[in-house]
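Residues per chain, in single letters:
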Amino acid sequence: MDKTEIPFLTAAQLSRLIQDKEVSPVEATEAYLERIDRVDSKLNSYITVCRDEALRSAREAERAIAAGRYLGALHGVPLAVKDQFYTNGILTTGGSTILSDFVPDEDATVVAKLNNAGAVLLGKLNLSEFALGESFHHPAGTPRNPWNLERNPGISSSGSAAATAAFLCATSLGEDTGGSTRIPAAWTGLVGLRPTWGRVSRYGVLPVCWSMDTVGPISRTVEDCAITFQAIAGYDPKDPSTWAEPVPDYRQALDGNVRGVRVGVIREKMDGDDLDREIREAVVAAVSMLGELGATVEQVSLPLIETAGPVSKCLTDLDGAIVHHEGLKARAGEYDHNTRVRLLTAILTPAQAYYKAQKMRALIRQQILELLETVDVLVLPSSPAVAPLIPDGPGIKSQEDAHGRMSGIRSYTGPFNLAGVPALCLPCGFTAENMPISLQIVGRPFQEATVMKVAHAYEQNTPWHTRRPPI
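A short tour of the structure in this document, coming up. These numbers come from a predicted model, not from an experiment. (Residues numbered from 1 in each chain as written. Predicted model: local features only at pLDDT ≥ 70, side-chain atom pairs only at ≥ 80, totals over all residues. Heavy atoms only, no water.)

### Focus: the overall build of the chain
Move 1: Scanning the chain from N- to C-terminus turns up 15 helices and eleven strands.
Move 2: The C-alpha radius of gyration computed for the chain amounts to 21 Å, which stays within 12% of the reference 23 Å derived for 471 residues, consistent with globular compactness.
Move 3: Considered along the principal axes of its C-alpha atoms, the chain spans approximately 60 × 60 × 45 Å.
Move 4: A burial count over the chain gives 62% of its 471 residues as buried.
Move 5: When the 45 positive and 55 negative side-chain charges of the chain are each reduced to one mean point, those points stand 1 Å apart. (Helix = DSSP H or I, 4+ residues; strand = E, 2+ residues; numbered from the N terminus. Rg over C-alpha atoms; globule rule 2.2 N^0.38 Å. Buried < 20%, exposed > 50% of the residue type's maximum accessible area, 1.4 Å probe, protein only. Lys, Arg positive; Asp, Glu negative; His and termini not counted. Charge placed at Lys NZ, Arg CZ, Asp CG, Glu CD.)

### Observations concerning the packing of helix 2 (residues 25-43) against helix 3 (residues 51-66)
Move 1: Contact pair helix 2 / helix 3: the axes reach a minimum separation of 8 Å and the direction vectors enclose 160°. Our classification of the angle between helix 2 and helix 3 gives roughly antiparallel. Helix-helix and strand crossings are classified by hand; for helix 2 and helix 3 the assignment is right-handed. Taking contact as the criterion, the partners of P25, V26, T29, E30, L33 and D37 in helix 2 are, on helix 3, R51, A54, L55, A58, R59, A61, E62 and I65.
Move 2: Taken together, the residues that form the contact of helix 2 with helix 3 break down as eight nonpolar, one polar and five charged. (Axes fitted to C-alpha atoms, helices over the stretch in contact; angles between N-to-C directions. Parallel < 35°, antiparallel > 145°, perpendicular 65-115°, else oblique. Left-handed = near helix turned anticlockwise from the far one by under 90°. Contact = heavy atoms within 4.5 Å. Nonpolar A, V, L, I, M, F, W, Y, C, P; charged D, E, K, R; others polar.)

### Considerations on the side chain of R199
Move 1: Note on placement: R199 falls in the loop between strand 5 (191-194) and strand 6 (214-219).
Move 2: A polar contact is formed between the side chain of R199 and the backbone oxygen of E245, at a distance of 2.9 Å.
Move 3: In contact with R199, not counting residues within four places along its chain, are F229, A233, G234, E245, P246, V247, P248, Y250, F446 and E448. (Polar contact = N/O pair within 3.5 Å; in protein donor to acceptor, adjacent residues only side chain to side chain.)

### A closer look at the environment of G123
Move 1: Note that G123 resides in strand 3 (residues 120-125).
Move 2: Between the C-alpha atoms of G123 and T316, which are 193 residues apart in sequence, the distance is 27 Å.
Move 3: Once residues within four sequence positions are removed from consideration, G123 is found in contact with Y46, T48, V49, C50, L79, A80 and V81.

### Some points on a nonpolar patch on the surface
Move 1: On the surface, L344, I347 and L348 cluster together into a nonpolar patch covering about 290 Å² of accessible area.
Move 2: Inspection of the secondary structure puts I347 in helix 11 (residues 337-347).
Move 3: Classification of I347 by relative accessible area gives partly exposed; the value is 37%. (Patch = residues over 30% accessible without salt bridge, like charges linked within 9 Å, V, L, I, M, F, W, Y side chains within 5 Å. Areas by Shrake-Rupley, 256 points an atom, 1.4 Å probe, with all protein chains shown as cover. Salt bridge = Lys/Arg side-chain N within 4 Å of Asp/Glu carboxyl O.)

### Quick notes on the sheet that holds strand 1 (residues 46-49)
Move 1: Across the sheet, which stays open at both edges, the eleven strands sit in the order 1-3-2-4-6-5-10-11-9-7-8 with mixed pairing between neighbours. A single partner strand is all that each edge strand has here, and the edge strands are strand 1 and strand 8 (296-300). The average undirected angle you get between the axes of adjacent strands in this sheet is 30°.
Move 2: Both strand 4 (residues 172-176) and strand 6 contribute to a ladder of five bridges, which runs antiparallel. Its bridge partner being in strand 6, G174 is matched across the sheet by G216. (Pairing = 2+ DSSP bridges.)

### Comments concerning the packing of aromatic side chains
Move 1: Evaluation of the coordinates by the stated rule reveals eight aromatic pairs.
Move 2: Note on F130 and Y335: the rings are 5.8 Å apart at their centroids and 45° apart in plane angle, and the pair reads as tilted. Remark: Y335 occurs in the loop between helix 10 (325-331) and helix 11 and F130 occurs in the loop between strand 3 and helix 5 (158-165); sequence separation between them is 205 residues.
Move 3: Consider the rings of W243 and F446, whose centres lie 5.9 Å apart with planes at 75°: the pair is edge-to-face. Of this pair, W243 sits in the loop between helix 7 (222-232) and strand 7 (262-266) while F446 sits in the loop between strand 11 (436-443) and helix 15 (448-460), and the two are 203 residues apart along the sequence.
Move 4: Here W243 falls in the partly exposed class, since its relative accessible area comes to 46%.
Move 5: Under the relative-accessibility criterion, F446 is labelled buried at 18%. (Phe/Tyr/Trp six-rings, centres within 6.5 Å; stacked < 30°, edge-to-face > 60°.)

Written out as structure tokens, the structure is:
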């Protein structure tokens, strides 16, 4: 096939062509590297492009496959990871000038697992500083949304979303503390999965909040998400927070059959004043489609959901301030303005507030788990609005801006990182201005297969995942 068309294949399509020896890993890697050279100067999605290492890995994959040593669905497939993950011998900056010369001497477990699956690492992807979100200054350039270059591609896994949406990698990894796989996926028309807390190892991942950090895929389709997640899920003796829970074959669940699946639509997030009309209409249509496919749909209530944004932010920021306590004392001036203010403010948060936030977290988690005893999945919008414009300067601009940072989209994503349950975002429409709209599907702990089953059935009966951004 024409090499320039290779990047526009899904990871699953490319995988099958590589397995059948119709496309070589070297051809695929060269095609992606050439597209990165042509396009990424507009997006700033990569911090480091591992050109030589990628071609070397591709040649190794090609030889192994030719010799009959095929490793599985990611063998020879070019992908990229957020620059929050340690990579042996490769620069790992965390999106900060503070780590501008940090080169780890080992791989994060998720990177090692991708290597063991035979994947080809194209490079390290841009992000908000130290994965905290909302930073203004990006040392590698401000990441931009391929659907509209003036708009934000999401926080904090900005580059993972921009690169995947713009066909600069076949699939990618992000990290989600309060929404950082889901928000970028929602704003760029992708599938983003936050797995159950403890389902994926965090060894070798720059930390934000120990009780919520979770590595997850950002992909173009649900099948690509399943393939990527399959490679990284599972127990890791290096990370005591991981669970020794069997890992199923996630692609087997993608059978298109949702007949009898019980879907609970969270009423509070469909009726809110902050929800854009076009998004509400698209999500209502998506829910209707699930009903047409045989799912049982009902309205459910999660009364404490509106508190989840501030609770999530309080816990995340305080934990982040502890992680960066020594750095702030020694090198505060080198942090991005927004990051520095956010962390210093968190340090001043009274212990009573942290204690109350932990109690609220327990109550929110209890409500969510009780709801998930009555339905198989919960659904709601991923975001109350489409991707916003990139800010023209650091700092908080208004009271409305402050409220949006404290709550806003975090009241849509935050409940589920507080509860530690799996949540997936996928496209469910576009606005009149051709910006993606996203549906969020939430499941019981370790039931990622059910979440992906529902998402895949919807995806296969709608055209949204087939659209390409104008870049």
